[in-house]
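Read off the chains here:
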Amino acid sequence: MKHLSPAVALVLAVSAGTLSTPAVAADAADWAQSTATAETGAETIAPLAIPVDSVLLSAGQTGMLSRTGTGASAVHRWTRLADGVTTILPAGTYWGSAGTDLVVSREGSVFTFTDMSGAVEPAVLDTSGFNTAAAPYTVDRVVGRSLLMTTTVNGAEEFRLVSLGEDGNVADRKVGLPDGSRARFSYSSGPDSLAVSYGEPMANGYYRMRLSTVDVTTGAITASHYFLPEPNHTAIAVTPSHLTWVLDPYGSNPQLQVLARATGSPVSTTPLIRQQTLGLTVHHVGDWVALVRPGGGTATSPHPYTPLTARPLDGGAEVPLLDHAGSVTPSPDGSLLVLGGTLAHGEGLYRIAPDPVTGKPAATLLRTFGRPTALTVLKESLPPAGTFDFDRAGGKLSAGWTLSRFNARTTLTLTHTASGRTVKLVQEPREGVSAHSLTWDGVYKDGLPAYNGAYAWTMTAAPANGVGPAVERKGSFTLTRAPRPHDFDDNGSPDVLARDVNGNLSSYDIRQVWSLDAYEDPYELPIGGGWNAYDRILAAGNLGGTRHGDLIARDKSGILWLYQGKSGHRAPFAPRTRIGGWGIYNQFAAGSDVTGDGRNDLLAADKAGMLWLYPGTGNTTAPFTTRRKIGGGWGIYNQLTATGNLAGGPAGDLVARDKAGVLWLYLGKGDGTFTTRTRIGGGWGSFKHLIGIGDVNNDGRNDLLAAGQSNNGDTVLHLYRGTGQWTTPLAPAQTDTVEQRSWLGHLS
């Protein structure tokens, strides 16, 4: 991209408060060129060298005045229409004069009128003789070579026309409103065009709204009109032949009214959309009225008047012109200059003028910003394809786009193919932020960690203002994680099995349970009925055959059965297979590798208090080898729980609760034996179940789940986080996150 060198850059100099006109014109060949193909496919459109968020203030025969920003940080620019040369004006306050090349600057009470075409020398208007601190004048607008100002006289606000007379003296003329009127708004579309809106006092103390045209030379009222039946009005446009306004803009019956100035008679009255006329502007183009709500290009919601359209003065079908308009200003030839955009030709400076053949208004792109109006993707990072390992990704799935504009709503929808469960991630528009990032933490909306398996995804960026089509991408991937202890539904999160009083067995995800508010119902995965046939049900870990955790259950005749884990979101276990007779035992602990060989083992205490180890084989047809005696004296315990590696040792550990309610830790040594017991603490006798639940909070350490009952019979869960320290293996219970559920009966 080429830029103007300092040698050819245009400079506006300020001398004694006077704004001088450019003395050197840059060759258009020195400017950067960007191409935009017109409908003929052959025209090259020159670039527009002003910021895209600029606002047009006025336009004359040779150029236009624009502003970027507001207040003290505002930057004003003058752009020549012939060659696009743009000059930044010195810092200060500026006004444009509609339909002229005049730019007015201010220094204190002194105003300088500069003809930017260079045809006329600058004129200085000093208002200090009457514009004092005691009676300040405020600029409302510039009309031709006059300042329309407001001041307060005897408590009433007046319009004043201030200009430089031919004798060099300042002329201060009161606009001829009735005494006591309340000045409201002014409107101008050219150097001889002025209309003012005001409230005229009535005998009863009320005011009635009037719109009057004004002779700019004398300040005299030339014609006046009442607003009936409603007083509220806005969006007034003035031409030599017509007055146009929106009547009742805030009411139930807004209308576009067009009045012929020559006769004072209405030409047309067209209904407008109710509650949508706030901010609406109207402009005349030949025998047509153009309507638009400026700013739709950066809006964050659709609006029916975001497109710039035109309709004939006498009613009839409207003609679409631009898909949005940021600002509109009249030109001396009756056309309109607009900063806006179309989906066909993109963002830039457009002229709206009647087509010489059809007479209908048409939009012509004069200069381009070099950016599309349609939402486009500049850079993208799409969701994965193939197999996506959620563990290696740190438990996050990220995607995103850098878009051509900020006001878009980006949505990523992921659907688990087998279950139909859907996740929707949304980034709403944020001012100035065009990089949209979406990150999924692997959790469904209801807090349930997401299932592994095949997913289809759709990522959409939709224009928040409704201008143009959405951008869409689609794909698929397979989510996978390493198997986790106590995970039965294949979502990488530990589950608890609950058998109710009727013998129905269900699975509940503990991470979801802990994410819900009290008494919110977690998702229940029903496994089946008939489980009252068993007096022991234990999560056994992966005993072999599949990569998922298995279940063992002993029936009331002493037979031990294996339910091989399938880790599915509908049927997590295969039909049972018989292991053998185990009626001599009254305590079991399963789901932990205590031998250090990578296979889960089973611990069983007989009625004589002897503890036995059944090492796992990894073979589901014969899941355990011959038992090995660990030692006696275990009859003092009424609860044995295999916790996995709880305290940082080389293998799985065991916790045991004695009949006094004291909990003890047996640290696994990795050879099937344990170190001398360590006291964890007392008060554990109130819990009905102690479950080695696995890693609930995903910190890499196993936790312990304790279940008791409340006074109303609900099951109360307490979660003790594992610390990894053998001296204090469990953190205090998270009593602030205790959940109460109607899980009556056995938990495992």
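Please read these numbers as outputs of a predicted model, since none were measured by experiment.

(A) Local environment of the overall build of the protein chain. Secondary structure summary: the protein chain contains one helix and 59 strands in total. Compactness check: the protein chain gives a C-alpha radius of gyration of 40 Å against a globular reference of 27 Å for 748 residues, more than 25% above the reference. Principal axes of the C-alpha set define a box for the protein chain whose edges measure 125 × 65 × 50 Å. Each of the 748 residues in the protein chain was classed as buried or not, and the buried ones make up 52%. Once local pairs closer than 6 in sequence are excluded, the contacts in the protein chain between residues at least 24 apart make up 45%. Element-wise, carbon and sulfur atoms account for 50% of the exposed surface of the protein chain, whose accessible area totals about 32400 Å². Taken as two groups, the 59 positive and 64 negative side-chain charges of the protein chain have centres that lie 10 Å from each other.

(B) Quick look at the nonpolar core. If you look at the biggest cluster of nonpolar residues, it comprises 25 residues, and the most contacted ones within it are L397, L412, L414, W440, Y455 and F477. Elements that contribute at least two residues to this core include exactly β34 (397–403), β35 (408–416), β36 (422–427), β37 (435–440), β38 (453–463) and β39 (471–480). One finds I45, A310, L321 and V338 within the second-largest nonpolar core, a separate group that totals 17 residues.

(C) Main features of the packing of aromatic side chains. Under the definition given, this model contains 26 aromatic pairs. Ring centres of Y585 and Y614 lie 6.1 Å apart, and the angle between their planes is 90°; this geometry places the pair in the edge-to-face category. Highlighted residues: Y585 in strand β47 (residues 585–592) and Y614 in strand β49 (residues 611–614), separated in sequence by 29 residues. Here Y585 falls in the buried class, since its relative accessible area comes to 2%. Judged by its relative accessible area of 11%, Y614 falls in the buried class. Measuring from centroid to centroid gives 6.2 Å for Y637 and Y666, while their planes differ by 90°, and the two rings are edge-to-face. Taken as a pair, Y637 in strand β51 (residues 637–644) and Y666 in strand β53 (residues 663–666) lie far apart in primary sequence, 29 residues in all. The exposure classification of Y637 matches that of Y666, with both residues buried. Taken together, the aromatic side chains of F388, F390, W440, Y455 and F477 make up a single cluster linked through ring pairs. The ring of W664 carries the charged tip of R677 above its face, separated from the ring centre by 3.5 Å.

(D) Seen up close, the sheet that holds β39. Sheet architecture is open: five strands sit in the order β33-β39-β38-β35-β36, paired in mixed fashion. Two strands close off the open sheet at either side, each with one partner strand: β33 (386–389) and β36. For this sheet, the mean inter-axis angle between neighbouring strands, taken without regard to orientation, is 30°. Summarising the sheet, β38 and β39 pair through nine bridges and their orientation is antiparallel. Following the sheet pairing, M459 is matched in β39 by R473.

(E) Quick peek at the sheet that holds β51. If you walk across this open sheet you meet the four strands as β51-β52-β53-β54, and the pairing is antiparallel. A single partner strand is all that each edge strand has here, and the edge strands are β51 and β54 (678–681). When the angles between neighbouring strand axes are averaged without regard to direction, this sheet yields 30°. Pairing of β51 with strand β52 (residues 653–658) involves six bridges; the strand directions are antiparallel. Paired with T641 across the two strands is V655, which belongs to β52.

(F) Fine view of the side chain of R367. Its place among the elements puts R367 in strand β31 (residues 361–368). No salt bridge is formed by the buried R367, whose closest oppositely charged neighbour, D83, lies at an N-O distance of 5.6 Å. Polar contacts involving the side chain of R367 include one to the main-chain carbonyl oxygen of A82, which spans 3.4 Å. Apart from the residues lying within four places of it in its own chain, the contact partners of R367 are I45, A46, P47, L48, L81, A82, D83, G84, G348 and L349.

(G) Structural detail: the pattern of salt bridges. Applying the stated criterion to the full structure yields 16 salt bridges. R210 is the salt-bridge partner of E200, the closest N and O atoms lying 3.2 Å from each other. Linking E200 in strand β17 (residues 193–201) with R210 in strand β18 (residues 207–214), this pair joins segments that are ten residues apart in sequence. Assessed through its relative accessible area of 11%, E200 is described here as buried. Here R409 ties to E428 by a salt bridge, and the two come within 2.6 Å at their closest N and O atoms. Within this pair, whereas R409 is found in strand β35, its partner E428 is found in the loop between β36 and β37, the two being separated by 19 residues in sequence. Using a relative accessible area of 31% as the deciding quantity, one classes R409 as partly exposed. It is possible to trace a salt-bridge network through shared partners that takes in E158, R160 and D172.

(H) Representation of unusual backbone geometry within the structure. With a phi angle near 60°, Q275 is a residue other than glycine that sits in the positive phi range. Topologically, Q275 is positioned in the loop between β23 (265–271) and β24 (281–285). Residue Q275 is classed as exposed on the basis of its relative accessible area of 62%. Here the phi dihedral of H486 falls at roughly 65°; this positive angle occurs in a residue that is not glycine. Locating H486 in the fold gives a position in the loop between β39 and β40 (495–499).

(I) Up close: the environment of R274. On the secondary structure map, R274 appears in the loop between β23 and β24. In the structure, R274 is positioned 25 residues away from P249 in sequence and 8.0 Å away in space, judged by C-alpha atoms. Ignoring sequence-local partners within four residues, the contact set of R274 consists of G251, S252 and P254.

(J) Quick peek at the pairing of strand β5 (residues 63–68). Burial analysis of β5 places five of its six residues in the buried class, which makes it a mostly covered element. Pairing of strand β4 (residues 55–59) with β5, which is carried by four bridges, proceeds in the antiparallel orientation. From the neighbouring strand, V55 faces β5, where its bridge partner is R67. The pairing of β5 with strand β6 (residues 75–80) spans six bridges and is antiparallel. Following the sheet pairing, G63 is matched in β6 by R80. The turn linking β5 back onto β6 is made up of six residues, and G69 within it adopts a positive phi angle of 85°.

(K) Main features of the side chain of T368. Within the secondary structure layout, T368 lies in strand β31. A distance of 2.8 Å separates a polar atom in the side chain of T368 from the backbone nitrogen of G370.

(L) The arrangement of the environment of R578 in detail. Relative to the elements of secondary structure, R578 occurs in strand β46 (residues 577–581). You can call R578 exposed: its relative accessible area is 53%. Sequence separation of R578 and L397 is 181 residues, and the distance between their C-alpha atoms is 42 Å. Excluding anything up to four places from it in sequence, R578 contacts I559, L560 and W561.

Quick notes on the rules
Residues numbered from 1 in each chain as written. Predicted model: local features only at pLDDT ≥ 70, side-chain atom pairs only at ≥ 80, totals over all residues. Heavy atoms only, no water. Helix = DSSP H or I, 4+ residues; strand = E, 2+ residues; numbered from the N terminus. Rg over C-alpha atoms; globule rule 2.2 N^0.38 Å. Buried < 20%, exposed > 50% of the residue type's maximum accessible area, 1.4 Å probe, protein only. Contact = heavy atoms within 4.5 Å. Areas by Shrake-Rupley, 256 points an atom, 1.4 Å probe, with all protein chains shown as cover. Lys, Arg positive; Asp, Glu negative; His and termini not counted. Charge placed at Lys NZ, Arg CZ, Asp CG, Glu CD. Core = buried A, V, L, I, M, F, W, Y, C linked by side-chain atoms within 4.5 Å. Phe/Tyr/Trp six-rings, centres within 6.5 Å; stacked < 30°, edge-to-face > 60°. Lys NZ or Arg CZ within 6 Å of the ring centre and 35° of its normal. Pairing = 2+ DSSP bridges. Axes fitted to C-alpha atoms, helices over the stretch in contact; angles between N-to-C directions. Salt bridge = Lys/Arg side-chain N within 4 Å of Asp/Glu carboxyl O. Polar contact = N/O pair within 3.5 Å; in protein donor to acceptor, adjacent residues only side chain to side chain.

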